[in-house]
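Reading the structure
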Amino acid sequence: MQDTTPLPRPTAAPGWQRELAHAVTTLDELAAALELPAASLGKGAAAAADFALRVPRGFVARMRKGDPHDPLLLQVLPLARELLPVRGYGSDPLDEVAGLQHPGLLQKYRGRALLVTTGACAVNCRYCFRRDFPYASASLTSQALDGVLQALADDTGIEELILSGGDPLSLNDRRLAVLIGAVEDMHHVRRIRIHTRLPIVLPSRVDAGLLGVLAQTTRQLVVVLHANHPQELDADVAGAAARLRSACSLLLNQSVLLRGVNDEPATLVALSQRLFDIGVLPYYLHLLDPVRGAAHFHVGERRARRLMGEVAAALPGYLVPRLARERPGAPAKVVLAPMLHKPAHAT
Ligand SMILES: *Cc1c(COP(=O)(O)O)cnc(C)c1O
Ligand code: SF4
């Protein structure tokens, strides 16, 4: 059969950007790729109109075909019930918008400043706590950039600059280089930390261009990945992790505890083991933030602690993530398990 698809025009865009442009964005396409009847996913159309379906094809390829309960699928699948109001679930669960010192600059914890570098992301996770974040006004726009960099340069209490988003690695290399390069003049900033899910959902992002940008900083670099299930970590992701490890001082992972996705001890144990196989240490396991539309992922605190008890009993301490939640106004993330302090009466 003759192939009638037009040849791609020659382009300078890196491969990962072309892959990103071809992400799956419709329920029909997703159903077809997974060999599921279109009607089985179609009920989420209104939810997708509210918060778009978006998932790179390489991530879809790691989902099990014919399984509507696949743990990777559930993370990205819009559901009709997302639109039902649930008490306690809101648009800004962490009061972040009020905490912005400048557009895109969040300083909640001592010594660390977090930049909401962009609203863009390679994937739309249904449980994303910033799904309603007003990125247009509250992320680091190019107009705000100079002011924010000046504020960081002036505040000598900042030891660590955290690039977050959206996903900071969805910025192109040039924009990333501007941010990372600016730190060279800020002598008080000792560490740069990047929080990203791109190496998981789009491992081709970790290309020579990115490694070149990362190699230019003289600061210690910490990269925190975001994977929730061992099935996300295939050979391509292992390759991306290996490349990142050569570029940074510490490679960590954070997950979100999600009902139906990773709320079984065996899954969490396998996740930690698989992470270590590819050179990544588990850091945080977050309780779900109560963001509008995500209530179906809720795992209660008591059950979460019990799960962590089983995980801790099965693994060396360094493979046990900290079960944590954010409490607006608290001086640090609140660690629920493993307990960091023995009760005072313990002997
Ligand atoms: C989570 C977070 C950090 C980092 O906290 P660590 O406990 O150091 O990982 C920093 N700033 C903000 C605003 C955060 O939400
Ligand atoms: S990768 Fe992170 S920022 Fe992007 S949609 Fe998922 S949870 Fe939100």
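Going by the structure above, here's the rest.
Notes on the structure in this doc start here.

As a further point, take the overall build of the protein. Check the secondary structure of the protein and you find 14 helices and ten strands. Taking 347 residues into account, the globule formula puts the C-alpha radius of gyration at 20 Å, and the protein, at 20 Å, falls close to it. Each of the three principal axes of the protein carries a C-alpha extent, and together these read 65 × 55 × 40 Å. Of the roughly 16400 Å² of accessible surface on the protein, 55% is carried by carbon and sulfur atoms.

As enumerated under the stated definition, the model contains three aromatic pairs in all. Here the aromatic rings of Tyr 127 and Phe 297 are separated by 5.9 Å at their centres, their planes lie at 90 degrees, and the arrangement is edge-to-face. Here the residue Tyr 127 occupies a position in the loop between strand 3 (112-116) and helix 7 (135-138), and Phe 297 occupies one in the loop between strand 8 (281-286) and helix 14 (301-314), the gap between them amounting to 170 residues. In terms of burial, Tyr 127 and Phe 297 fall into one category: buried. With centroids separated by 5.7 Å and ring planes inclined at 55 degrees, the aromatic side chains of Phe 276 and Tyr 318 adopt a geometry described as tilted.

In this section: unusual backbone geometry. Across the junction of Gly 165 and Gly 166, the peptide omega takes the value 15 degrees, indicating a cis bond. Along the polypeptide, Gly 166 turns up in the loop between strand 4 (160-164) and helix 9 (173-182). Residues Ala 337 and Pro 338 are joined by a peptide bond in cis, for which omega reads -10 degrees. Along the chain, Pro 338 turns up in the segment after strand 10 (334-337). The phi torsion at Glu 35 lies on the positive side, around 55 degrees, for a residue other than glycine. Residue classification places Glu 35 among the exposed residues on the basis of a relative accessible area of 59%.

With 75 residues, the main nonpolar core has Leu 30, Val 55, Met 63, Leu 115, Leu 152 and Leu 163 as its most contacted residues. For Val 55, the residues in contact, after removing those within four places along its chain, are Ala 23, Val 24, Leu 30, Val 60, Met 63, Val 76 and Val 123. One finds Leu 287, Ala 304, Leu 323 and Ala 337 within the second-largest nonpolar core, a separate group that totals 16 residues.

Our next topic: empty space enclosed by the protein. Scanning the model with the defined rule gives one cavity of 30 Å³ or more in all. Roughly 60 Å³ of volume is contained in the largest cavity. As for the largest cavity, its lining consists of Asn 253, Ser 255, Leu 268, Leu 271, Ser 272, Leu 275, Pro 282, Tyr 283, Tyr 284, Leu 285 and Pro 321. Looking at the lining of the largest cavity, the elements that each hand over two or more residues are strand 7 (250-256), helix 13 (265-277) and strand 8. Across the lining of the largest cavity, the residue classes tally to eight nonpolar, three polar and no charged.

Burial analysis of strand 6 (residues 220-226) places six of its seven residues in the buried class, which makes it a mostly covered element. The sheet contact formed by strand 5 (residues 191-196) and strand 6 spans six bridges and is parallel. Paired with His 195 across the strands is Val 224, a residue of strand 6. One crossover worth recording links strand 6 to the parallel strand 7 by way of helix 12 (residues 235-245), and it is right-handed.

Rules used in this analysis
Residues numbered from 1 in each chain as written. Chains lettered and ligands numbered in written order. Predicted model: local features only at pLDDT ≥ 70, side-chain atom pairs only at ≥ 80, totals over all residues. Heavy atoms only, no water. Helix = DSSP H or I, 4+ residues; strand = E, 2+ residues; numbered from the N terminus. Rg over C-alpha atoms; globule rule 2.2 N^0.38 Å. Areas by Shrake-Rupley, 256 points an atom, 1.4 Å probe, with all protein chains shown as cover. Phe/Tyr/Trp six-rings, centres within 6.5 Å; stacked < 30°, edge-to-face > 60°. Buried < 20%, exposed > 50% of the residue type's maximum accessible area, 1.4 Å probe, protein only. Core = buried A, V, L, I, M, F, W, Y, C linked by side-chain atoms within 4.5 Å. Contact = heavy atoms within 4.5 Å. 1 Å grid on protein atoms, 1.4 Å probe; cavity = no way out; pocket = protein on both sides within 12 Å on 5 of 7 lines; lining within 4 Å. Points joined across faces, edges and corners; volume = space filled by probe spheres on them. Nonpolar A, V, L, I, M, F, W, Y, C, P; charged D, E, K, R; others polar. Pairing = 2+ DSSP bridges. Right-handed = clockwise from strand over helix to strand, strands pointing away.

It is worth stressing that arrangement in space is one thing and function is another; only the former is reported here.
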